[in-house]
Amino acid sequence: MTSKRQLRWGVVALIAGATALLGCTGEDDAGTGDLTLAVSGGAALRDGFPYMEGDATFAFADGWTLQFSKYVVAVGNVTVSEPGGGPVASWAGPAVLDLKKGAAGSVDLTTLGGLPAIRYDIGFDFVTAAAAADRGNLSEEDFALMSAQGWSFLVEGTAVHPTKGTVDFRFGLPAATRYYECVNGKDMTQGIAIEADKTTGAFIYSHAVHMFWDTLGTGDEDLRFDAFAAVRGDDGLVTEEELKNQDLNDLKDENGDRLLDESGKSIFYNDGGKLPPGQQTLYHFLIAAVRSSAHFNGIGLCKEQVLGQ
Amino acid sequence: MLRNEYNPTPQSSVRRPTMPSPNPKSWLFPLMLAAGVAAAPLVSCESTTAGKEVAFRASVQGSTSGRTPANAAFTTYAGWHVTLSQAVTVMGPFYFYEGAPQASLLHRFFSIPSAHACPTHAQYNKGAVLGEVVQQYAVDLLGEPTDLGEVFGIAGTCRTVEVHLHPPGEVPMGPSPTDVDVLGGQTIRIEGQAQKDGVEVPFVAALSIPDEGLMRVVESIPAEVVLDDASGVGTLVVEPLLDMWFATVEFDSLTEQDGERYVFSDGTQAWNALLRGVRSRQSYRVSWRMP
């Protein structure tokens, strides 16, 4: 038989344990809600350069203006997980999305319904377009090209300089990457809280401004296009192939001379010590830049793991 | 790593009350007790880690990626056969972090996941500082290890190291047998001979890193060094890899001369490539060395 005293202590222990569990994971009885996700390229995609974000103006230091005409990204493997646990909901996708075609540079991705109303970790992948089941809002030609080349990004646009003329660009970039344990850019907490009986909106941010910063590290970054324009082909177009010829250690202008900034000083693209020998070109810099462009719900940072290399 | 993994003492955040002796015939009591105890570690919703104080020595010694002495000849990524006659620098402060490396391309070499920072956004979280050397030291990269003294820190696994590369005198300088005056106020001075395809280039590279942003900080150098109670018997060694410093330098691009030696002029391919090499986290190795 269990004595009354033992029973009393046992009940105390059981209540303490149950209370602890409730405090941690707790809102099991709080109902369910939905999470709807979009993918956005931000104001740079919507407005081109220069553009305003809050009080800050984002403009090229070397005098270029730029407009995107296409900004395609392939997204998949969205996971919603209890912190430290496995996924409780997921969306495999993938989808290829031309964000430029969306209203204000944003395209809806998916809705995950019936989620218990607690806080979750968020993860997602940039994938190769070939993994997508359909071509989404892409042309058949672009989808075939991205699939064949193993690209995750396809970006097109036009840059204009008052004295250097007009340069078109089209970059296809392989940048398959896993992003996880994302910080929420809205409130800088990790993940997102789902509210009961509501649809909580959030967005994956493919922050287009990253493509043209001259640093991958944290520091004195400038937006530049001269190094891109200098390697344009005879057709006036810059593609990923031309970027492979722009050596970061020996940047050249369109005349083959040393590329200088506005003050006559040599331009140095700061890779933050990331690019190994053999990958110190503008092409590899751009791939690293778009990889670091993924955020969650604003500028919330995610942990990152390169996929497929 | 040659030493045992750090195992912090498990802690429970619940004080158990004094219990009467259990009745062997009782089934309800142990069931309830087990349920309560099983839930106890979850009370705080996270584990706790003790921050034990530890002490260890640290040093810097020049080397190469092939682990050959830096004073022997080496061949660079660009195919230059290089022999050095002088390689002096000032290094420091040094920070030893618990956080994992952040570089997205390093997985290719080290098979590690990564997290990232980006310009104008939030800074990458480097994790706890397990130890630090706040002075700078003159280092003969071709000589014996330069002692950075005893470092007092906290126990844990050091996963990244950060090295600062300021010109001499910009931060307090620690004692070193190396004469800092040979640097002539620069951060790095290296003399040697490079040879490739019958072309021989005697050179001198005198370099100070531009004071822009975090250019003078080499962040997120990968490491895997356990710092614990036994650390007093070994040394944490930071090794600049000189073949990696010169990895993509094209010595035949040098045109300006000082006497018989070609100099690394600002903005040249050689200067940019050396700067990129010095700043690369792949140009350093961190290891634990037993006496």
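Residues numbered from 1 in each chain as written. Chains lettered and ligands numbered in written order. Predicted model: local features only at pLDDT ≥ 70, side-chain atom pairs only at ≥ 80, totals over all residues. Heavy atoms only, no water.

Enquirer: Is there a simple way to explain the pairing of strand β1 (residues 53–60) of chain B in this structure?
Expert: The side chains of a regular strand alternate between the sheet's two faces. Residues and elements named next belong to chain B. Relative to strand β8 (residues 146–154), β1 runs antiparallel, the two sharing 7 bridges. Pairing of Val60 across the sheet is with Thr146, part of β8. Pairing of β1 with strand β13 (residues 235–240), which is carried by 4 bridges, proceeds in the parallel orientation. Within β13, the residue paired with Ala58 across the bridge is Leu236. (Pairing = 2+ DSSP bridges. Helix = DSSP H or I, 4+ residues; strand = E, 2+ residues; numbered from the N terminus.)

Enquirer: How do you make sense of the sheet that holds strand β1 (residues 32–40) of chain A when you look at a structure like this?
Expert: Strand pairs in the sheet, formed through backbone hydrogen bonds, run parallel or antiparallel to each other. Residues and elements named next belong to chain A. Taken in spatial order, the 4 strands make up an open sheet running β7-β1-β13-β15, and their pairing is mixed. The sheet is open, and its two edges are formed by β7 (106–116) and β15 (294–296), each paired on a single side. Here the strands of the sheet are splayed against their neighbours by 20° on average, with no regard to which way each runs. As paired strands, strand β13 (residues 199–206) and β15 are joined by 3 bridges and run antiparallel to one another. From the neighbouring strand, Ile204 faces β15, where its bridge partner is Phe296. (Axes fitted to C-alpha atoms, helices over the stretch in contact; angles between N-to-C directions.)

Enquirer: Is there a simple way to explain the environment of Val286 of chain B in this structure?
Expert: Residues and elements named next belong to chain B. Its place among the elements puts Val286 in strand β16 (residues 284–289). Val286 gets classed as buried once you look at its relative accessible area, which sits at 12%. Along the backbone, Val286 and Gly234 are 52 residues apart, and their C-alpha atoms lie at a distance of 13 Å. (Buried < 20%, exposed > 50% of the residue type's maximum accessible area, 1.4 Å probe, protein only.)

Enquirer: Sorry if this is basic, but what is going on with the state of the cysteines here?
Expert: In protein structure, a disulfide is the covalent linkage between the sulfur atoms of two cysteines. Residues and elements named next belong to chain A. What the rule picks out here adds up to 1 disulfide over all chains. Residue pairing for Cys182: its cysteine sulfur links by disulfide to Cys302, the two sulfurs lying 2.1 Å apart. Because the torsion about its S-S bond is 105°, the bridge between Cys182 and Cys302 counts as right-handed. Here Cys182 is found in the loop between β11 (177–180) and β12 (192–193), whereas its partner Cys302 is found in the loop between β15 and β16 (303–306), with 120 residues between them in sequence. (Disulfide = S-S within 2.5 Å.)

Enquirer: Would you mind showing me how to read the nonpolar core here?
Expert: As a rule of thumb, nonpolar side chains are buried together in soluble globular proteins. Core analysis: the largest hydrophobic core is formed by 77 residues, its most contacted members being Phe49, Phe68, Leu109, Phe171, Met211, Phe212 and Phe225 of chain A. Not counting residues within four places of it along the chain, the set of residues in contact with Phe49 of chain A comprises Ala44, Phe58, Phe60, Thr65, Leu66, Phe68, Val209, Phe212 and Leu223 of chain A. Listed in part, the 60 residues of the second largest apolar core include Leu142, Met215, Leu242 and Ala273 of chain B. (Core = buried A, V, L, I, M, F, W, Y, C linked by side-chain atoms within 4.5 Å. Contact = heavy atoms within 4.5 Å.)

Enquirer: Explain the packing of aromatic side chains to me, please; I cannot follow it from the model alone.
Expert: For any pair of aromatic rings, geometry is given as the distance between the ring centres together with the angle between the planes. Residue and element names in this part refer to chain A. Considering all chains together, one arrives at 35 aromatic pairs over all chains under this definition. An angle of 70° between the planes, with centres 5.1 Å apart, marks the rings of Phe126 and Tyr179 as edge-to-face. Note that Phe126 is positioned in strand β8 (residues 119–126) and Tyr179 in strand β11, a separation of 53 residues in sequence. Each member of the pair, Phe126 as well as Tyr179, is classed as buried. Note on Phe212 and Phe228: the rings are 5.3 Å apart at their centroids and 70° apart in plane angle, and the pair reads as edge-to-face. Here Phe212 is found in the loop between β13 and α4 (226–229), whereas its partner Phe228 is found in helix α4, with 16 residues between them in sequence. Judged by its relative accessible area of 0%, Phe212 is buried. On the accessibility criterion, Phe228 (1% relative accessible area) is buried. Sitting over the face of the ring of Tyr283, Lys244 holds its NZ or CZ atom 4.8 Å from the ring centroid. (Phe/Tyr/Trp six-rings, centres within 6.5 Å; stacked < 30°, edge-to-face > 60°. Lys NZ or Arg CZ within 6 Å of the ring centre and 35° of its normal.)

Enquirer: Would you mind showing me how to read the confidence of the model for chain B here?
Expert: Predicted coordinates in regions of low pLDDT should not be interpreted in detail. Residue and element names in this part refer to chain B. Chain-level statistics for chain B give a pLDDT mean of 80 and a share of 74% at 70 or above. Per-residue pLDDT stays below 50 along residues 1–50; that stretch engages in 71 contacts with residues further than four places along the chain or on separate chains. Note that pLDDT drops below 50 for residues 103–117; the model gives that stretch 61 contacts with residues more than four away or on any other chain. For this predicted complex, the interface confidence comes out at an ipTM of 0.80, alongside a pTM of 0.81. (pLDDT = per-residue confidence, 0-100.)

Enquirer: I tried to follow helix α4 (residues 269–279) of chain B on my own but got confused; where do I start?
Expert: For an α-helix, 3.6 residues make a turn, and residues three or four places apart therefore share a direction. Residue and element names in this part refer to chain B. In terms of residue burial, α4 counts as a mostly covered element, since 11 of its 11 residues are buried. Every buried residue of α4 is accounted for by Gln269, Ala270, Trp271, Asn272, Ala273, Leu274, Leu275, Arg276, Gly277, Val278 and Arg279. Packed against the buried residues of α4 are β10 (188–196), β11 (199–207), β12 (217–227), α3 (242–245) and β16.

Enquirer: Help me understand the pairing of β16 of chain B in this model?
Expert: All names here are of chain B. Burial within β16 is extensive, with 5 of its 6 residues counted as buried. As paired elements, β13 and β16 share 6 bridges and run antiparallel to each other. Within the sheet, the bridge partner assigned to Val238 lies in β16 and is Val286.

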